[in-house]
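Notes for the structure review
The chain contents come next:
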Amino acid sequence: MPIDIKQIVTERLGENYDLHERYINPTLVSVQRTIGFDKVYANARGAYLYDLDGLEYLDFLSGYSVFNIGRNHPAVKQAMRDVIDMDLPNMVQMDCSLLSGVLAEALVKRMPAHLNSVFFCNSGAEAMEGAIKFARAATGRGGLVSLEGAFHGLSMGALSIMGNPHFQDGFGPYLEGCHRVPIGNLPAVECLLATAGIAAVIIEPVQGKGVETPYDNYFNEVQRLCRQHGALLISDEVQCGLGRTGKWFGFQHWDLEPDIITLAKSLSGGFVPVGAIATRREIYQKTFNQMDRCVVHSSTFGRNNLAMACGLATLQVIEDEGLVENAARMGELLVSRLNELKERHSVIKEIRGKGLILAIEFHEPRELALKLGWKALHKMEVNLFTQMVVTSLLTRHRILTQVAAHGLDTLKILPPLTIKEAEVEKFVTALDSVLKDCRKFPGPLWDLGANFFRHSLRKPAAVR
């Protein structure tokens, strides 16, 4: 008898955290329960999640930018149904599938003319692994330069160029020849390019973890130095590409011409994972440079029909619904409204980002009561204040956000590109309310922060 997925979900929805605690990651379950993120979501549409009681939650996290077009978009669902109904041959491997060619064509049409060759894989980390290999094959060099604070994935090559030590601890040794420089430090890049046999410099136009960008012409100067020294420029567009920043690709804010870009996350439409590498034809052919090397780099599931259909539908939705332009408009509105909050709440230090990848950084406030609470939490752990705000947004206002990165006093928002003014106002009003409550020290919000610290001192739950 065929498995009945609908029956399984209907009968067992609510067991989520118990199952994960028993069979998957009990430490993650412990964290989610501690910070109040142990919600059971029953369904989702557009910018909203819905729990078992039918309560709606505004999703300003978007699965880390997977759901640029919103959750469960009908156009992507229909594309998948069509592929399944057609009984197409899939992953024959020793053929050239139609849909992968059509998706490659669709991507190339939306990119600068020099990026005319595409390789498909399954994720952002896998795309970065391939980009590293392409760069090394094209240049004959091994060195790589990345920026401090960068996040390029958690596989070994991507981890080797990671700019965040929190994710590296315990997993070394890493690839040789990997160098990290402070963002904005041009002399350090120039020195490495001149002396270290560098194949590529790797950037995120907007860093995913801290939502940082350098001074205005830094990336342009990095590109100039790469050209001067024969190195390639790789732009990691996994999180900030496909409209997130208010342009199709983040590098377009600086009119860059990267030699390689990586894509993933939102290209999937939120259903079937798909990643991509786009590059110049001459770089591509340095990897696949003769007949016996035609599959020297490959990905078993990379060109599967469902993933390709999702990618095609997603690109069409972004274009048809004007989501790139909407991201620019709503981003400007959010920044404007949040800067108004900054005038009223001294705990807000800065609003930064581009389009709908935005960060709200906090610092020690002026008000005495709030200052006392801030100091008390920071003696315990650096980002407890921000986690307190994030938890309050979820539990009191049903808005899902995140702390930007480990050790940062920064709240990050990644709403779907489909949001309208109503969602902007809902978020700003909720954040205003939470920050007003923070002025009541001592008070329940500060008790919440102290409770986080007490839980962090406990050992992870034992595996049963």
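Cut-off values and rules
Residues numbered from 1 in each chain as written. Predicted model: local features only at pLDDT ≥ 70, side-chain atom pairs only at ≥ 80, totals over all residues. Heavy atoms only, no water. Buried < 20%, exposed > 50% of the residue type's maximum accessible area, 1.4 Å probe, protein only. Helix = DSSP H or I, 4+ residues; strand = E, 2+ residues; numbered from the N terminus. Pairing = 2+ DSSP bridges. 1 Å grid on protein atoms, 1.4 Å probe; cavity = no way out; pocket = protein on both sides within 12 Å on 5 of 7 lines; lining within 4 Å. Points joined across faces, edges and corners; volume = space filled by probe spheres on them. Nonpolar A, V, L, I, M, F, W, Y, C, P; charged D, E, K, R; others polar. Salt bridge = Lys/Arg side-chain N within 4 Å of Asp/Glu carboxyl O. Axes fitted to C-alpha atoms, helices over the stretch in contact; angles between N-to-C directions. Parallel < 35°, antiparallel > 145°, perpendicular 65-115°, else oblique. Left-handed = near helix turned anticlockwise from the far one by under 90°. Contact = heavy atoms within 4.5 Å. Polar contact = N/O pair within 3.5 Å; in protein donor to acceptor, adjacent residues only side chain to side chain. Core = buried A, V, L, I, M, F, W, Y, C linked by side-chain atoms within 4.5 Å. Phe/Tyr/Trp six-rings, centres within 6.5 Å; stacked < 30°, edge-to-face > 60°. Lys NZ or Arg CZ within 6 Å of the ring centre and 35° of its normal.

1. Quick look at the pairing of strand 2 (residues 48–51)
Note on strand geometry: in a regular strand, side chains alternate between the two faces of the sheet. Burial of strand 2 is two-sided: the residues Tyr48 and Tyr50 facing one way and the residues Leu49 and Asp51 facing the other way are all buried. As paired elements, strand 1 (residues 41–45) and strand 2 share four bridges and run antiparallel to each other. Residue Asn43 lies in a different strand from strand 2, and its bridge partner there is Tyr50. Taking the residues that link successive antiparallel strands as the turn, the strand 1-strand 2 hairpin has two residues, and the phi of Gly46 there is positive, at about 60 degrees. The sheet contact formed by strand 2 and strand 3 (residues 56–59) spans three bridges and is antiparallel. By the bridge assignment for strand 3, Tyr48 is matched with Leu58.

2. Quick look at the layout of surface pockets
In this model, the second largest pocket occupies a volume close to 650 Å³. Forming the boundary of the second largest pocket are 22 residues, of which Cys96, Phe119, Tyr284, Cys294 and Arg303 lie nearest the centre. Looking at the lining of the second largest pocket, the elements that each hand over two or more residues are helix 6 (98–109), strand 4 (117–121) and helix 12 (281–287). A breakdown of the residues in the lining of the second largest pocket according to their chemical character gives ten nonpolar, nine polar and three charged.

3. Describing the pattern of salt bridges
Considering all chains together, one arrives at 20 salt bridges under this definition. With its nearest N and O atoms 3.5 Å apart, the salt bridge here joins Asp432 to Arg344. Placement of Asp432 in helix 17 (residues 421–438) and of Arg344 in helix 14 (residues 323–344) is noted, with a sequence separation of 88 residues between them. A relative accessible area of 11% means that Asp432 is categorised as buried. On the basis of relative accessible area, Arg344 is assigned to the partly exposed category, the value being 42%. A salt bridge links Arg352 to Glu350, with the nearest nitrogen and oxygen atoms 3.0 Å apart. When its relative accessible area of 33% is taken as the criterion, Glu350 is described as partly exposed.

4. Quick notes on empty space enclosed by the protein
One pass over the structure, following the stated rule, counts one cavity of 30 Å³ or more. Of the volumes computed, that of the largest cavity is approximately 70 Å³. Lining the largest cavity are Pro89, Asn90, Met91, Val92, Gln93, Asp95, Ser97, Thr300 and Arg303. For the lining of the largest cavity, the class distribution of residues is three nonpolar, four polar and two charged.

5. Focus: the packing of helix 16 (residues 384–397) against helix 17
Any two packed helices are characterised by the angle at which their axes cross and by the distance between the axes. As a packed pair, helix 16 and helix 17 sit with axes 10 Å apart at the nearest point and diverge in direction by 120 degrees. Taken together, helix 16 and helix 17 sit at an angle that is classed as oblique. Viewed along their axes, helix 16 and helix 17 form a crossing whose handedness is right-handed. Judged by residue contacts, Phe385, Met388, Val389, Ser392, Leu393, Arg396 and His397 of helix 16 engage Phe427, Ala430, Leu431, Ser433, Val434, Leu435, Asp437 and Cys438 from helix 17.

6. Here we look at helix 1 (residues 5–12)
Among the eight residues of helix 1, zero are classified as buried, and the element is accordingly described as predominantly exposed. N-cap assignment for helix 1: the residue whose side-chain oxygen lies 3.2 Å from the backbone N of Lys6 is Asp4. One or two steps after helix 1, the chain reaches Gly14, where phi turns positive at roughly 120 degrees.

7. A closer look at the sheet that holds strand 2
As summarised here, the arrangement of the four strands in space is 1-2-3-13, forming an open sheet in which the pairing is mixed. Edge positions in the sheet fall to strand 1 and strand 13 (399–400), since each has one partner strand and no second.

8. Some details on the nonpolar core
Counting 102 residues, the largest nonpolar core has Leu107, Leu334, Phe362, Phe385 and Phe427 as the members making the most contacts within it. Residues contacting Leu334, with those up to four places away along its chain left out, are Phe60, Leu356, Leu358, Ile413, Ile419, Val424, Phe427 and Val428.

9. A word on the environment of Met388
Looking at the secondary structure, you find Met388 in helix 16. Separated by 46 residues in sequence, Met388 and Val434 have C-alpha atoms that sit 9.4 Å apart.

10. Overview of the packing of aromatic side chains
Counted under the stated rule, the structure contains 14 aromatic pairs. Ring centres 5.7 Å apart and planes at 5 degrees place the aromatic pair Phe249 and Phe251 in the stacked group. On the numbers, 5.3 Å between centres and 75 degrees between planes, the contact of Phe362 with Phe385 is edge-to-face. Within this pair, whereas Phe362 is found in strand 12 (residues 357–362), its partner Phe385 is found in helix 16, the two being separated by 23 residues in sequence. Given a relative accessible area of 0%, Phe385 falls into the buried group. Across from the ring centre of Tyr57, 6.0 Å away, lies the NZ or CZ of Arg398, which sits over that ring.

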